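# Breakdown of the fold
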Amino acid sequence: MSIQSTLNTLRYPVSSQPEKSPFNAGETLQEKTNTLNVLLLGSGGRECALAWKISQSPMLRHFYIAPGNGGTGAYGENVDLWPLDFQAIETFAKEKEIDMIVVGNEDPLVAGIYDYFSAREGSPLIVGPSQAGAALEGSKDFAKQFMVRHNIPTARYRSFTAETVEEGEKFLEELRPPYVLKADGLAAGKGVLIIDSLDEAKKSLREMLSGMFGKSSATVVIEEFLKGIECSVFVLTDGNGGYRILPVAKDYKRIGEGDTGPNTGGMGAVSPVAFADDTFMKKVEERIILPTVNGLIAEGITYRGFIFLGLIEVEGEPMVIEYNVRMGDPETEVVMLRIASDLLPLLDAAARGNLGDMPLDIDPRYATTVMVVSGGYPGSYPKGKVITGTDKCGDAILFHAGTKLDADGNLLTSGGRVIACSSYGADIDEALEGSFAAANALTYEGKYFRRDIGADLKAIERLRR
Ligand code: AMP
Ligand code: GLY
């Protein structure tokens, strides 16, 4: 029995009453067509990929993306709403009779969008955790404590504040380089420093504690450096013990080829991941997913949405580097391609607390994405460059990230990561060929992309053959 089918049959204690399923006994999906009004929050490549997938659902009636980008308008109506303005979202949701809000990025979740809406009678369902659950991403200290409480494998760590900075320095002396320092709070993906020299690490600890990342680094987590290869595992959970594991992906974080240079939001992604085989995934499920899902329930934390496990394989063993409480970007740009099932009923069921035995079918093909970015990213970069060549990208699926349309309908760059070029393939080479051909076909001043996306996984596959 595969891991996916095993987990589909597992049942756990119920912490809260699931809401009535939208499907009555005997009712089929066909009878539920054209019923849901959905609002998706966010504006990146991830949201463009979610929009692409959601828009294919027969269950969908009206679809809005707020604020969206130059690509999301192809799948629904872009709406000029700020994802953190809950009141404005509430007014819009009432006016448009929104049934479900899918939250793409972490900020509204950490700010409590789930709690805001679930406290209001007749409000839309929210796909995402409560504020207490979102602390798994919003506070690295909370996440580490949670992992310790539930025996989830992760790097040894301690947390420090300005009052305990000297103890922090002593802890650094106990560790071997490189030193890993993490701002406790959200820092737009920039709050992790990996430093080779002890003196530099001590200096950075003091700088972080005195506001390098504002309030986010008032507490700093120092942890042991783990050496291994990373992958991203995504779980959709209904908060009542039901969950599904989505296709595993690997992203490429550094700007330069060969994983060099500064960290970015992500330069590309591949799914499946050769080393995340059944043996590895069984360990992930038993040692990480089950204790996480059940730990949340045991602690009374409502969580009906995506759990993103940033994992590292250390000598065959999975360990957690981080939790995120939403899908990954650019992982979503490959994961959505590999979900063969209609996603909307799954989201609806998760948000109601009742995934039941709803199937999640996986497309066996490979999916890859190559992100084209603005020259200068992740440092400063120009915006407003005219993009051409979108009609020369063959079968690749273009997920817009930092783009916008001007009044004349020209497509312009408007961010660091511009477009994710996603492609299917019977194998990793074929998928990458499609992604790279599209990345080459797009033109705008300063375009850059990494030409080595997937190269490490290809090498691993060759070794395993
Ligand atoms: P995070 O925001 O916690 O995911 O950290 C960003 C990146 O830093 C991760 O994707 C890893 O590449 C790296 N990293 C974080 N923690 C560790 C660790 N304990 N050992 C090795 N690398 C780490
Ligand atoms: N690709 C990593 C992230 O979304 O945080």
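Provided above is the structure to which this section pertains.
Throughout what follows, the structure given in this document is the object of discussion.

## Quick look at empty space enclosed by the protein
- This model, assessed by the stated rule, comprises one cavity of 30 Å³ or more.
- Within this model, the largest cavity holds a volume of roughly 30 Å³.
- Per-element tally for the lining of the largest cavity: the top contributor is helix α10 (residues 278–298), with three residues.
- A breakdown of the residues in the lining of the largest cavity according to their chemical character gives five nonpolar, two polar and no charged.

## Let's talk about the site of ligand 1
- The environment of ligand 1 is made up of 14 residues, and the closest members are E223, E224, L226, E230 and E322.
- At 3.2 Å, a side-chain N or O of K140 approaches an oxygen atom of ligand 1.
- Within the side chain of K253, one N or O atom sits 3.0 Å away from an oxygen atom of ligand 1.
- Protein contact buries 88% of the 470 Å² of open area that ligand 1 shows by itself.

## Focus on the packing of aromatic side chains
- Applying the stated criterion to the full structure yields eleven aromatic pairs.
- Both rings, one in F160 and one in F171, keep their centres 5.9 Å apart while their planes meet at 40 degrees; by these two values the pair is tilted. Of this pair, F160 sits in strand β6 (residues 157–160) while F171 sits in helix α8 (residues 165–174), placing them eleven residues apart in sequence. Considered together, F160 and F171 belong to a single accessibility category, that of buried residues.
- Site record: aromatic cluster; members linked through ring pairs are F86, Y116 and F117.
- For the cation-ring pair, R120 lies above Y116, with the distance from its terminal atom to the ring centre recorded as 3.7 Å.
- Lying over the aromatic face of Y252, K250 brings its terminal NZ or CZ to 4.1 Å of the ring centre.

## A closer look at the nonpolar core
- With 128 residues, the main nonpolar core has V233 and L347 as its most contacted residues.
- Contacts of V233, omitting those with residues within four sequence positions, involve I245, V248, M281, V284, I289, I307, F308, L309 and L311.
- If you look at the next biggest cluster of nonpolar residues, it comprises 17 residues, including F160, L181, A183 and L205.

## Things to note about the pattern of salt bridges
- Under the counting rule described, the total for this entry stands at 30 salt bridges.
- The shortest N-O distance in the salt bridge between E106 and R326 comes to 3.1 Å. Taken together, the positions of E106 in helix α4 (residues 106–110) and R326 in the loop between β17 (317–324) and α11 (332–338) put the pair 220 residues apart, joining distant regions of the chain.
- Between D429 and K458 there is a salt bridge, and its shortest N-O distance comes to 3.3 Å. Linking D429 in helix α13 (residues 428–441) with K458 in helix α14 (residues 455–464), this pair joins segments that are 29 residues apart in sequence.
- Assessed through its relative accessible area of 25%, K458 is described here as partly exposed.
- Each member of the salt-bridge network shares a partner with another, and the members are E90, K94 and R120.

Rules used in this analysis
- Residues numbered from 1 in each chain as written.
- Chains lettered and ligands numbered in written order.
- Predicted model: local features only at pLDDT ≥ 70, side-chain atom pairs only at ≥ 80, totals over all residues.
- Heavy atoms only, no water.
- 1 Å grid on protein atoms, 1.4 Å probe; cavity = no way out; pocket = protein on both sides within 12 Å on 5 of 7 lines; lining within 4 Å.
- Points joined across faces, edges and corners; volume = space filled by probe spheres on them.
- Helix = DSSP H or I, 4+ residues; strand = E, 2+ residues; numbered from the N terminus.
- Nonpolar A, V, L, I, M, F, W, Y, C, P; charged D, E, K, R; others polar.
- Near = heavy atom within 4 Å.
- Polar contact = N/O pair within 3.5 Å; in protein donor to acceptor, adjacent residues only side chain to side chain.
- Areas by Shrake-Rupley, 256 points an atom, 1.4 Å probe, with all protein chains shown as cover.
- Phe/Tyr/Trp six-rings, centres within 6.5 Å; stacked < 30°, edge-to-face > 60°.
- Buried < 20%, exposed > 50% of the residue type's maximum accessible area, 1.4 Å probe, protein only.
- Lys NZ or Arg CZ within 6 Å of the ring centre and 35° of its normal.
- Core = buried A, V, L, I, M, F, W, Y, C linked by side-chain atoms within 4.5 Å.
- Contact = heavy atoms within 4.5 Å.
- Salt bridge = Lys/Arg side-chain N within 4 Å of Asp/Glu carboxyl O.

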